[in-house]
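Residue-level structure breakdown
Each chain, written out:
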Amino acid sequence: MQPPGPASQKFELPNIQYLVAVASGKGGVGKSTVATNLALALLKKGKRVGLMDADIYGPSIPTMLGIGDVNPQTTSFPIERHGLKAMSMGFLLGPDKAAVMRGPMVQKYLLGFLTQVDWGQLDYLLVDMPPGTGDAQLALAQTAPVAGVIVVTTPQDVSLNVARRGVQMFRQVQVPVLGVVENMSFFIGDDGKRYEIFRHGGGRKLAEESDVPFLGEIPIDPRVAECGDQGEPVVHRYPDSPVGKAYLALADMVDQQLRSGSQPKELPEVQL
Amino acid sequence: MAPSEPESMTPTALRKEGADHFVIEWGDGHHSVYTWRHLRSNCPCASCREEKEQPVNPLRVLKPGELLAPSAVSMPRVGRYAYKIVWNDGHDTGIYTLQYLRSLCQCPQCLQTKGAATV
């Protein structure tokens, strides 16, 4: 796949019903884990789902889906795994290469992933965003028909203070914020007791102060990391676990939010 | 979902008016009017902003495009929050957010408000 030509203006994706970004602003809160498991949860609800890795510099989706080395010259994209269609810079680069490029090239690859990959008919295309509020986020907001963004945070203030900026960024560029998810919310020990390792309540607090829905809590479960590293996400391997059920509930919330909300209004065209 | 932008930041129509003017109708009923020259000289792109911060050089050689009266060739939408103006002098890197466009309004009411604010 070649990067496309000059960055295009706003485009439509008539084959995709809902393009949803999974973002934060903050790094390390579990965006890729949430995006991957939410995608699989939506699949389990009978939706046709794609997963696009917008983290050009640090792509995680190939590892999370257990997709090994890929020959980009001979492979058709998107790649299907566990019923999902997926696209990532990781498929183009290989595990030991770095994407050394500035913003305009990042934008070109992201737009190429959206417009040059044959996604087919999808109910959902989830976009796993990188941390930050810069090139990738702007590229998406400026050109793609984004139905909404899910903001991921962990409970503690150091995460909230950055995730808050992520919410503001999407507000500024008029992308609807579907809600906030609190990841790594709590841990249930063998003793049955609940341990709030990273404190608790920050996600709900951010949702309330931002006047957006609180979409739910995802508990800490060591199997999440184990499954992610082994390429079989926890929703796929352990759907009946507390964390699996939390993702299935999140999928219901997201679907309900999108179906009950009004379509974001596009700007009028200019008559010159 | 998040609350939508107030009507004051929601344009309902944007059009050229005569050779020199541009009009935006806003959701709160405000009628903004601009000259192309005003919009061009307030381009928000990084290079224009930097150029404005430099002292004026009276001996600067003008570029050919600067001899034309400015006007927009096209104004594509940028997401749901801005418009890009492609100018007849070839310049096209300025992204004008809705808030910025509203702040540049040259209607008599806004000019009077800005004049009062600077007193």
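Here the structure is a predicted model, which is why all the values come from computation and not from measurement.

**Brief notes about the interface of chain B and chain A**
At the interface, 20 residues of chain B touch 24 residues of chain A. At 6 residues, the largest contribution of residues to the side of chain B that touches chain A is made by strand 1 (residues 11-17) of chain B. Residue composition of the side of chain B that touches chain A, by class: 12 nonpolar, 3 polar and 5 charged. Two strands pair when backbone bridges link them, and strand 11 (residues 270-271) of chain A and strand 1 of chain B are joined in this way by 2 bridges, in the parallel orientation. Across the sheet, A:Val270 pairs through a bridge with B:Leu14, a residue of strand 1 of chain B.

**Quick look at helix 1 (residues 31-44) of chain A**
For helix 1 of chain A, built from 14 residues, the straight-helix expectation of 20 Å at 1.5 Å per residue is met to within 8% by its first-to-last C-alpha distance of 20 Å. Once helix 1 of chain A finishes, A:Gly46 follows within two positions and takes phi at roughly 90°, a positive value.

**Some thoughts on the pairing of strand 1 (residues 16-23) of chain A**
Residue and element names in this part refer to chain A. The element strand 1 is largely enclosed, with a buried count of 7 among its 8 residues. Across 6 bridges, strand 1 lies against strand 5 (residues 122-128) in parallel orientation. Within strand 5, the residue paired with Val-20 across the bridge is Leu-126. When strand 1 meets strand 6 (residues 146-153), the two strands line up parallel, connected through 5 bridges. Within the sheet, the bridge partner assigned to Val-22 lies in strand 6 and is Ile-150.

**Some remarks on the packing of helix 4 (residues 103-115) of chain A against helix 5 (residues 135-143) of chain A**
Residue and element names in this part refer to chain A. For the pair helix 4 and helix 5, interaxial distance at closest approach is 9 Å and the crossing angle is 50°. As summarised for this structure, helix 4 and helix 5 are arranged oblique, according to the angle between their axes. Our pair here, helix 4 against helix 5, has a crossing hand that is right-handed. Two secondary-structure elements touch here, helix 4 through Gly-103, Val-106, Gln-107, Leu-110 and Leu-111 and helix 5 through Asp-135, Ala-136, Ala-139, Leu-140 and Thr-143. Of the residues that constitute the contact of helix 4 with helix 5, the class distribution is 6 nonpolar, 3 polar and 1 charged.

**Re helix 7 (residues 202-210) of chain A**
All names here are of chain A. Buried residues of helix 7: Gly-202, Gly-203, Leu-206, Ala-207 and Ser-210, and no others. Around the axis of helix 7, the buried residues are gathered within 140° of arc, so they sit on the same side. On its buried face, helix 7 sits against strand 6, helix 6 (157-172), strand 7 (177-182) and strand 10 (214-217). Asp-211 occupies a position one or two residues after helix 7 and carries a positive phi of about 55°.

**A few points about the nonpolar core**
All names here are of chain A. Grouped together as the largest cluster of nonpolar side chains are 94 residues, with contacts concentrated most on Val-22, Leu-38 and Leu-126. Here this core takes 8 residues from helix 1, the largest share from any one element. In this structure, Leu-126 is in contact with Val-20, Val-22, Ala-35, Leu-38, Ala-39, Val-49 and Leu-51, ignoring residues within four places of it in sequence.

**A look at the packing of helix 1 of chain A against helix 10 (residues 242-260) of chain A**
All names here are of chain A. It is at 8 Å that the axes of helix 1 and helix 10 come closest, and there the two elements cross at 75°. Classified by the angle their axes make, helix 1 and helix 10 are roughly perpendicular. Side by side, helix 1 and helix 10 meet where Asn-37, Leu-38, Ala-41, Leu-42 and Lys-44 of the first sit next to Tyr-247, Leu-248, Leu-250, Ala-251 and Val-254 of the second.

**Considerations on the environment of A:Arg237**
Residues and elements named next belong to chain A. For Arg-237, the location among the structural elements is in helix 9 (residues 234-237). The class for Arg-237 is partly exposed, based on 15 C-beta atoms found within 10 Å. Along the sequence, Arg-237 and Val-146 sit 91 residues apart, while their C-alpha atoms lie 30 Å from each other. Leaving out residues up to four positions away in the same chain, Arg-237 has contacts with Cys-227 and Glu-232.

**Notes on the sheet that holds strand 11 of chain A**
Ordered in space as 11(A)-1(B)-2(B)-3(B), the 4 strands form an open sheet in which the pairing is mixed. Edge positions in the open sheet fall to strand 11 of chain A together with strand 3 (31-35) of chain B, since each of these has one partner strand only. Pairing between strand 2 (residues 21-26) of chain B and strand 3 of chain B: 5 bridges, direction antiparallel. Looking at the pairing, B:His21 lines up with B:Thr35 of strand 3 of chain B.

Basis of the calculations
Residues numbered from 1 in each chain as written. Chains lettered and ligands numbered in written order. Predicted model: local features only at pLDDT ≥ 70, side-chain atom pairs only at ≥ 80, totals over all residues. Contact = placed C-beta atoms within 7 Å. Helix = DSSP H or I, 4+ residues; strand = E, 2+ residues; numbered from the N terminus. Nonpolar A, V, L, I, M, F, W, Y, C, P; charged D, E, K, R; others polar. Pairing = 2+ DSSP bridges. Expected span 1.5 Å × (residues − 1). Buried ≥ 20, exposed ≤ 12 C-beta atoms within 10 Å, placed from the backbone. Axes fitted to C-alpha atoms, helices over the stretch in contact; angles between N-to-C directions. Parallel < 35°, antiparallel > 145°, perpendicular 65-115°, else oblique. Left-handed = near helix turned anticlockwise from the far one by under 90°. Arc of directions from axis to C-beta. Core = buried A, V, L, I, M, F, W, Y, C linked by C-beta atoms within 7 Å.

Read these as spatial facts, not as claims about activity.
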